[in-house]
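# Close look at the chain arrangement
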Amino acid sequence: MVFCAWISRLRSSSRPICTKVRNSFFHKQSAALSVDVLGSEQIRKPFASSWGGSLLSLALAASAGSLVFRSYQDSGTSYCQAPNLDQTGKSIGGKGSTDYMVKGSHKKVPQELIEKLKVICKENMTMDYDERYFHGKPQNSFHKAVNIPDVIVYPRSEEEVSKIVASCNKHKVPIVPYGGATSIEGHTLSPSGGVCIDMTLMKRVKSLNVKDMDVVVEPGIGWMELNEFLEPYGLFFPLDPGPGATIGGMCATRCSGSLAVRYGTMRENVINLKVVLANGEIVKTGSRARKSAAGYDLTRLVIGSEGTLGVITEITLRLQKIPQHSVVAMCNFPTIKDAADVAIATMLSGIQVSRVELLDEVQVRAINLANGKNLPESPTLMFEFIGTEAYSREQTLIVQKIASEHNGSDFVFAEDPEAKKELWKIRKEALWACFAMEPNFEAMITDVCVPLSHLAELISKSKQEIDSSSLVCAVIAHAGDGNFHTVILFDPNEDEQRKEAERLNHFMVHAALDMEGTCTGEHGVGTGKMKYLEKELGMEALKTMKRIKAALDPNDIMNPGKLIPPHVCF
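In the annotation of an unreviewed UniProt entry, the entry for the protein reads D-lactate dehydrogenase (cytochrome), and the organism field reads Rehmannia glutinosa. Of the protein, the UniProt comment under Subcellular location (unreviewed entry) reads exactly: "Mitochondrion". Taken directly from UniProt, the Sequence similarities (unreviewed entry) text for the protein runs: "Belongs to the FAD-binding oxidoreductase/transferase type 4 family."

Below, the structure is given as C-alpha cells:
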C-alpha cells in the first residue's frame, strides 16, 4: 500500500516540464544554427581521440620521450607550449588559473589541405560557419574558446580517418575528434582552429560474439543505441553515462556512470581498440582474449587520453548478461550525512548492489518542479539490486534494515518494469531538472571522487559550504564508489556569480585532493581540470605524460591544449 501511494505520487501531474526545459535550453544554445549536415544525421559532440609517431616509438617515453627531450635540449628549446596568459598573468589551464575562456594561436588552414580533404571526404565535409560554431561551442559546458574549427569532416571509414589525420599532420594543422556532444570539461573546444573530425557517421556494429560476450563497434555508436541492438540477444553493455554519449567519447574520457559500482569503468570494459596515430598509422592495441600479459597495455594508455594521442576508430567491448531480476528501492534521510553513511555501510556489508545513487533535497525539489512530482524533499538514496528474484529481495531487506539503523524513512521498492524505468528516468534527467529552477542560468558541475571511507565527510563538508552560498546548488552522487557531483547554477552575465561558482568548485576539488581523492571521477580533464593535476599527480607524473605525448604526437596536432597543463615543461 505504501508503495502504491508513493508511485502514484511519483506519476501524478506528469506534465513533461523537464522535456520542455531541455528543449528550450538546446534551442537557446543553437538558435539560428543550421543543423542540416550534408544530408547526414543530427550532429552531436564530445568524443575521443588522437596520436602521433609510431607505436614503436612508444617503447614508452622512456626511450622515445628521451629522444624528443634530447632533440629539444640540443636546440636549446624546452618542450613547452607557448604560454596563454589570463588577466592575472597565469597560464590558461595552469596552476591558479580561473579563466574559462581558452585562448590559442590560429593559423589559416592551407588551401592544399582543404583540397585534399575534399578528395578524401567528398560531400562529407563543410566549412559552413553555423556548423563550425556548433562544433566549437560545447552545448553542456560553460567552457569556451576564442576560436572555432575551420573545417568539419565526417569520415565514414577507418581508412578515411587515417588519410585525414596524415594530411593534417603533414601541414601541422590541429585536429579535434568529436563524438556525442555530452562532454562538460571543454574536451571538444578548438582553441587553435583546425579540423574537427566528427565521428558520428561511423556507428556500425562490426561483429557480435554472443558466446564470448563481446562486441566490436565503431566509435560513433551511442551506448543506448548499442543496448537496443544487444537486447534481443540477452546481453547489454553496462556503462550508462549521460544520454547521447558515444562509445568513442566514453573511451576517450574514461567515463563510467551509475553502474560502475558493480561493473567497473570504461577501463575495465574495453578489451582492445584500433587507433589512428598522428602520422596516420593504424594500430590495434591488443587481441580479443579476456586477459593478456603481452607487452605494454596500450589499450589502457589510450582510454582516458581525450584525443591527445590518437583517433579511436574501433572498440571491442566486454558485455554482460541482462539480469534475471532486479529491484529498485528509495529511502529518505534527515541529513545528507545519514544517507552517505548508509551507502558506505551497504558497500561494507558485502552486498553487491548494482547502483547506489544519492540526491540531496535541492535536487529532489528540482525533480518535483521539472516533472510535476510530489516526492519528499529530503536527502534520498536510490538502490538497484540484481540477481535471482529471491536474492534481489533478500538484498533489499538487508539494506532496508541498514537504512533504519541510520534514521532512514519511507523505504519503498519497485519490481514492476515501468515503475523501475520511471525511477531511473528521474535520476538520468537530474541535470535538466536543475535548469527548471533557473532556466536562463548555466551550470558548473563538479566531479570529485574520494576513497569510500571519506565520502560522508566530504559530502557533509561540501554541503555546508554550498548551503551558505547565494547560488543554487544540487548534489548528485554515485555514492557506492565515492564519486559525487554538485550542479552549481549561475548567471553567465554576472561575473560575481561565475567567480562564486568557481570558488565552490575549487573548495570541493581541494577538499577531495586533501582526502587522497581526485579532481575528476568520470568527466575527464579537458581544459577545465588541468589546473588541479599537479597537486593530484605531481610534476614528475605530468612530465612523463608529456614525454609520451611528444613521442606519439611530435607536431602536437592531436587535440592540443587539453589534458596536460601548459606549464609542464621538460
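## A closer look at the overall build of the protein
Tallying secondary structure elements over the protein gives 21 helices and 21 strands in all. Counting all 570 residues of the protein, 59% fall into the buried class. Summarising the internal contacts of the protein: among those between residues at least 6 apart in sequence, 76% fall at separations of at least 24. When the accessible surface of the protein is split by element, carbon and sulfur atoms take 53% of a total near 22400 Å².

## Topic: helix 17 (residues 430-437)
Because the α-helix completes a turn every 3.6 residues, residues three or four places apart line up on one side. With 7 of 8 residues buried, helix 17 is to be regarded as a mostly interior element. By the burial criterion, the buried members of helix 17 are A430, W432, A433, C434, F435, A436 and M437.

## Details of the sheet that holds strand 5 (residues 175-178)
Pairing within the open sheet is mixed, and its 4 strands lie in the order 2-4-6-5. For this open sheet the edge positions go to strand 2 (125-126) and strand 5, each flanked by a neighbour on one side alone. Relative to strand 4 (residues 151-153), strand 2 runs antiparallel, the two sharing 2 bridges. Each residue of the ladder has a partner; that of M125, found in strand 4, is V153. This element, helix 6 (residues 129-136), spans strand 2, strand 4, strand 5 and strand 6 (195-198) of the sheet and lies at about 80° to strand 4.

## Some words on the environment of V450
Take V450: it is sitting in the loop between strand 19 (448-449) and helix 18 (455-467). Relative accessible area serves as the criterion here: at 4%, V450 is assigned to the buried category. It is 9.5 Å that separates the C-alpha atoms of V450 and D514, two residues lying 64 residues apart in sequence. The contacts of V450, once residues within four sequence positions are left out, are L455, L458, D481, G482, A512, M515 and G517.

## Observations regarding the pattern of salt bridges
For the structure on display, the rule yields 32 salt bridges. The partner of D212 in a salt bridge is R288, with the nearest N and O atoms 3.0 Å apart. Of this pair, D212 sits in the loop between strand 7 (205-209) and strand 8 (214-217) while R288 sits in the loop between strand 11 (282-284) and helix 12 (298-302), placing them 76 residues apart in sequence. With a shortest N-O distance of 2.9 Å, K337 and D341 are connected by a salt bridge. Separated by 4 residues within a single helix, K337 and D341 lie in helix 13 (residues 336-348), roughly one turn from each other.

## What about the sheet that holds strand 11?
Taken in spatial order, the 5 strands make up an open sheet running 7-8-12-10-11, and their pairing is antiparallel. The two strands at the open ends of the sheet, each matched to only one other strand, are strand 7 and strand 11. For this sheet, the mean angle separating the axes of adjacent strands, direction not counted, is 10°. As paired elements, strand 8 and strand 12 (residues 311-318) share 4 bridges and run antiparallel to each other. Each residue of the ladder has a partner; that of D214, found in strand 12, is R318. The strands that helix 7 (residues 158-171) touches are strand 10 (270-276), strand 11 and strand 12; relative to strand 10, the one it contacts most, it runs at about 50°. In this fold helix 8 (residues 223-230) packs onto strand 7, strand 8 and strand 12, with an angle of close to 45° to the strand it touches most, strand 7.

## Description of helix 16 (residues 417-428)
With 12 residues, helix 16 extends 16 Å from end C-alpha to end C-alpha; this agrees with the ideal 16 Å at 1.5 Å per step. For helix 16, the full list of buried residues reads A419, K420, L423, W424, I426 and R427. Considered in projection along helix 16, the buried side chains sweep an arc of 145° and stay on one side of the axis. Exposed and facing more than 90 degrees away from the buried side of helix 16 are P417 and K421. Two or three places before E418, at the start of helix 16, stands the capping residue D416, its side-chain oxygen 3.2 Å from that residue's backbone nitrogen.

## With respect to the packing of helix 14 (residues 361-371) against helix 17
It is the contact of helix 14 with helix 17, at a shortest axis distance of 8 Å, that shows an interaxial angle of 80°. In terms of orientation, helix 14 and helix 17 fall into the roughly perpendicular class. Of the residues in helix 17, those in contact with V362, Q363, A366, I367, L369 and A370 of helix 14 are A430, A433, C434, A436 and M437. Partitioning the contact of helix 14 with helix 17 into residue classes produces 10 nonpolar, 1 polar and no charged.

## Some words on the packing of helix 13 against helix 15 (residues 389-404)
In a packed pair of helices, the relevant descriptors are the angle between the two axes and the axis-to-axis distance. For the pair helix 13 and helix 15, the least separation of the axes is 10 Å and the interaxial angle reads 140°. Relative to helix 15, helix 13 is oriented oblique. Considering how the two elements wind past one another, helix 13 and helix 15 form a crossing that is right-handed. Of the residues in helix 15, those in contact with V342, A345 and T346 of helix 13 are V399, I402 and A403. Along the lines of polarity and charge, the residues of the contact of helix 13 with helix 15 split into 5 nonpolar, 1 polar and no charged.

About the thresholds
- Residues numbered from 1 in each chain as written.
- Predicted model: local features only at pLDDT ≥ 70, side-chain atom pairs only at ≥ 80, totals over all residues.
- Heavy atoms only, no water.
- UniProt positions renumbered as here; feature names shortened; annotations may be inferred.
- Helix = DSSP H or I, 4+ residues; strand = E, 2+ residues; numbered from the N terminus.
- Buried < 20%, exposed > 50% of the residue type's maximum accessible area, 1.4 Å probe, protein only.
- Contact = heavy atoms within 4.5 Å.
- Areas by Shrake-Rupley, 256 points an atom, 1.4 Å probe, with all protein chains shown as cover.
- Pairing = 2+ DSSP bridges.
- Axes fitted to C-alpha atoms, helices over the stretch in contact; angles between N-to-C directions.
- Salt bridge = Lys/Arg side-chain N within 4 Å of Asp/Glu carboxyl O.
- Expected span 1.5 Å × (residues − 1).
- Arc of directions from axis to C-beta.
- Polar contact = N/O pair within 3.5 Å; in protein donor to acceptor, adjacent residues only side chain to side chain.
- Parallel < 35°, antiparallel > 145°, perpendicular 65-115°, else oblique.
- Nonpolar A, V, L, I, M, F, W, Y, C, P; charged D, E, K, R; others polar.
- Left-handed = near helix turned anticlockwise from the far one by under 90°.

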